[in-house]
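Close look at the chain arrangement
The residues making up each chain are set out below.
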Amino acid sequence: FVSSCQIARSTIQIIIVSIMMGETSWMFCLFYIVFATGFLFQFQDFQNLGLSPENLLTNVFQLDLGSEQLQFLEFHLRKSCGALLLQTFLPIGFLVGFSYFHVHVDQQYPSIYAFWESNLPFQVSLALFLGLWLLVWVVAQYWTLNHFEHHPYVTKLKLYAQNGDWKSVMSDINTEFRRIDKFTICTNPIERVVVTDNWVIYLGAVPWKFHLAHQSDVTLSLIQSEHHNISTEGQTGGTQFLRIQVQNGKPNCESFSFRLNSVEYQNLQDKLTRQIQNIQNIQIFKTVSDRFVEVFKEAVAQNPKAPAEEELEACIGCMATEANVKLIRRCDTIDQENENTSCVNCYCRPMWCLNCLGKWFASRQNQQQPETWLGSKCPCPTCRSKFCVLDVALIES
């Protein structure tokens, strides 16, 4: 947060200095970089302002992209060509805009012609980017020939076509996409994964970053986990992201991977016909309570153990494992203002396992302040005696 404030302060200072010096063209550079970055990566603010490829193509250039819900693949075939042309035009827009501000606003040159005549690097750059844009335009026109016969998306569809009829494959995918039970994962603002009854479809930011796999041909594996203390979606206690590898067993079909939030993992598994393999035994945290339980276990493991004085029974919380914890007061802190909040001795026999006790501990805390849970207290689930993490002891086997 401090670094962001410093960057913002430095940016404002640069803008103020540029305005005072009359160098509006350099301020244009700053804003154009922000615009180009936001447009390419489709930040949420840019989407809300309507600065998305599909919105510009539909409302500004009056192109008919069709309906994504009714014609899923046709919509993305048209959108991919138009979006690529818009993205390739960004450098040309920068050169033209900079020359305009440098000449007419800063008045550094008498005319646009004089500016371009005296700046050879700008001439070369403009020629290269114009050539690149014309090349992309020719390629996009080639892709659209014969109803997108040569489009990279269609090339992937042909791998699943019988007797070369790729349009029947496209029709099947469109039909499944229209169903309300499809599962869509927005891996980031410009990429997403769509899982239908029979297909796993990966849509990237560029036309060649498109992957298609039939569920009968793939093997899915959980290969990586990322933990972040701050969640952009407002999840309490941070978030966990999982990376799923989709290994395609069909010849000539590429494998791919994607990232999703751990809270969506079970929904993805329910939509798939095959089990996601977790060879690395990665712990999947669906809620903040699940993440806390792991920290709770690590903290209790550092406490002194308690001897087994009687035969242990099954945990009354889950009835699946043996009761393995006992509450022994080791916390010597006393609240002088309110003795009811201090830890007290617990005389209950072992009745709970560590996992269930951790879940109980988490459920009795302030759900809006998970950062305070580990240092808080909790009533015993049996006798309601107050205890803290220091009072929990594993029973020696």
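Residues numbered from 1 in each chain as written. Predicted model: local features only at pLDDT ≥ 70, side-chain atom pairs only at ≥ 80, totals over all residues. Heavy atoms only, no water.

Under the UniProt heading Subcellular location (unreviewed entry), the entry covering the protein chain gives this text: "Membrane". (UniProt positions renumbered as here; feature names shortened; annotations may be inferred.)

Here we come to the sheet that holds strand E4 (residues 210-214). Read across the open sheet, the four strands follow the order E1-E2-E3-E4; overall the sheet is antiparallel. At either margin of the open sheet sits one strand with a lone partner, and together these are strand E1 (183-188) and E4. For this sheet, the mean inter-axis angle between neighbouring strands, taken without regard to orientation, is 10°. In terms of strand pairing, strand E3 (residues 199-203) meets E4 through five bridges, oriented antiparallel. Bridging from a neighbouring strand, Val-200 pairs with Ala-213 of E4. The strands touched by helix H9 (residues 166-177) within the sheet are strand E2 (191-195), E3 and E4, with E3 carrying the most contacts at an inclination of about 90°. (Pairing = 2+ DSSP bridges. Helix = DSSP H or I, 4+ residues; strand = E, 2+ residues; numbered from the N terminus. Axes fitted to C-alpha atoms, helices over the stretch in contact; angles between N-to-C directions. Contact = heavy atoms within 4.5 Å.)

The axes of two packed helices give the description: the angle between them and the distance between them. Running from N to C, helix H11 (residues 288-301) and helix H12 (residues 354-363) point in directions that differ by 120°, and their axes come no closer than 9 Å. As judged from the angle between their axes, H11 and H12 are oblique. Between H11 and H12 the crossing geometry is right-handed. Seen from H11, the contacting residues are Ser-289, Phe-292, Val-293, Phe-296, Lys-297 and Val-300; seen from H12, they are Leu-354, Asn-355, Leu-357, Gly-358, Lys-359, Phe-361 and Ala-362. (Parallel < 35°, antiparallel > 145°, perpendicular 65-115°, else oblique. Left-handed = near helix turned anticlockwise from the far one by under 90°.)

With that settled, the discussion passes to the UniProt feature "transmembrane region" (unreviewed entry) in the protein chain. In the UniProt entry, the feature "transmembrane region" (unreviewed entry) is given for residues 12-41, 81-102 and 122-143. Between the end C-alpha atoms of residues 81-102 there is a gap of 33 Å, over a span that is 100% helix and 0% strand. Helix makes up 100% of residues 122-143 and strand 0%, and the two end C-alpha atoms of the span are 31 Å apart.

What follows deals with a nonpolar patch on the surface. On the surface, a nonpolar cluster with roughly 270 Å² of combined accessible area is contributed by Leu-40, Phe-41 and Phe-43. Turning to its location among the elements, Phe-41 is positioned in helix H2 (residues 24-41). We classify Phe-41 as partly exposed; its relative accessible area is 44%. (Patch = residues over 30% accessible without salt bridge, like charges linked within 9 Å, V, L, I, M, F, W, Y side chains within 5 Å. Areas by Shrake-Rupley, 256 points an atom, 1.4 Å probe, with all protein chains shown as cover. Salt bridge = Lys/Arg side-chain N within 4 Å of Asp/Glu carboxyl O. Buried < 20%, exposed > 50% of the residue type's maximum accessible area, 1.4 Å probe, protein only.)

Considering the arrangement of structural elements, one finds Ala-314 in the loop between H11 and strand E8 (325-327). Sequence separation between Ala-314 and Trp-352 is 38 residues, and the spatial gap between their C-alpha atoms is 7.8 Å. Setting aside anything within four residues of it in sequence, one finds Ala-314 in contact with Met-319, Thr-321, Glu-322, Ala-323 and Met-351.

In this structure, Ile-173, Ile-201, Ile-244, Phe-258 and Leu-268 are the most contacted members of the largest nonpolar core, which totals 49 residues. With six residues, helix H5 (residues 72-105) is the largest single contributor of residues to this core. Once you skip the residues sitting within four places of it in the chain, Ile-244 turns out to touch Leu-220, Ser-221, Leu-222, Phe-256, Ser-257, Phe-258, Leu-260, Tyr-265, Leu-268 and Ile-276. By size, the runner-up hydrophobic cluster in this structure holds 26 residues, among which are Phe-292, Trp-352, Cys-356 and Val-392. (Core = buried A, V, L, I, M, F, W, Y, C linked by side-chain atoms within 4.5 Å.)

This brings us to the side chain of Ser-262. Within the secondary structure layout, Ser-262 lies in the loop between strand E7 (256-261) and helix H10 (265-271). In contact with Ser-262, not counting residues within four places along its chain, are Gln-240, Leu-242, Ile-284, Phe-285 and Lys-286.

Further remarks concern the sheet that holds E7. Across the sheet, three strands lie side by side as E5-E6-E7; this open sheet has antiparallel pairing. Each edge of the open sheet carries a strand with a single partner, namely strand E5 (218-228) and E7. Taken pair by pair, the neighbouring strands of this sheet meet at an average axis angle of 25°, ignoring direction. Across six bridges, strand E6 (residues 239-248) lies against E7 in antiparallel orientation. The partner of Ile-244 across the bridge, within E7, is Phe-258.

Time to look at the packing of H5 against H9. At a minimum axis separation of 7 Å, H5 and H9 run at an interaxial angle of 110°. Put simply, H5 runs roughly perpendicular to H9. Between H5, through Phe-72, Leu-73, Glu-74 and Leu-77, and H9, the contact on the second element is made entirely by Met-170, Ile-173, Asn-174 and Phe-177. For the contact of H5 with H9, the class distribution of residues is six nonpolar, one polar and one charged. (Nonpolar A, V, L, I, M, F, W, Y, C, P; charged D, E, K, R; others polar.)

In this model helix H7 (residues 120-148) runs 39 Å from its N-terminal to its C-terminal C-alpha over 29 residues, within 8% of the 42 Å that 1.5 Å per residue would give. Every buried residue of H7 is listed here: Phe-122, Leu-126, Val-136, Ala-140, Trp-143 and Phe-148. (Expected span 1.5 Å × (residues − 1).)

Next up on the list: unusual backbone geometry. The residue Asn-146 is not glycine, and still its phi comes out positive at about 55°. With respect to the helices and strands, the residue Asn-146 is situated in helix H7. A positive phi angle, near 70°, is found at Asn-252, a position not held by glycine. Of note, Asn-252 is situated in the loop between E6 and E7.

Turning our eyes to something else, we now look at the packing of aromatic side chains. For the structure shown, the criterion picks out 27 aromatic pairs. Consider the rings of Tyr-160 and Trp-199, whose centres lie 5.1 Å apart with planes at 80°: the pair is edge-to-face. With Tyr-160 in the loop between helix H8 (152-158) and H9 and Trp-199 in strand E3, this residue pair connects regions lying 39 residues apart in the sequence. Among the residues examined, Trp-199 registers a relative accessible area of 7% and is labelled buried. Plain terms: the ring middles of Phe-292 and Phe-296 are 5.9 Å apart, the flat faces sit at 45° to each other, and that makes the pair tilted. Pair noted here: Phe-292 and Phe-296 are both in helix H11, with a separation of four residues, about one helical turn. The same class applies to Phe-292 as to Phe-296, namely buried. Above the ring of Phe-241, the side-chain terminus of Arg-259 is found at 4.0 Å from the ring centroid. (Phe/Tyr/Trp six-rings, centres within 6.5 Å; stacked < 30°, edge-to-face > 60°. Lys NZ or Arg CZ within 6 Å of the ring centre and 35° of its normal.)

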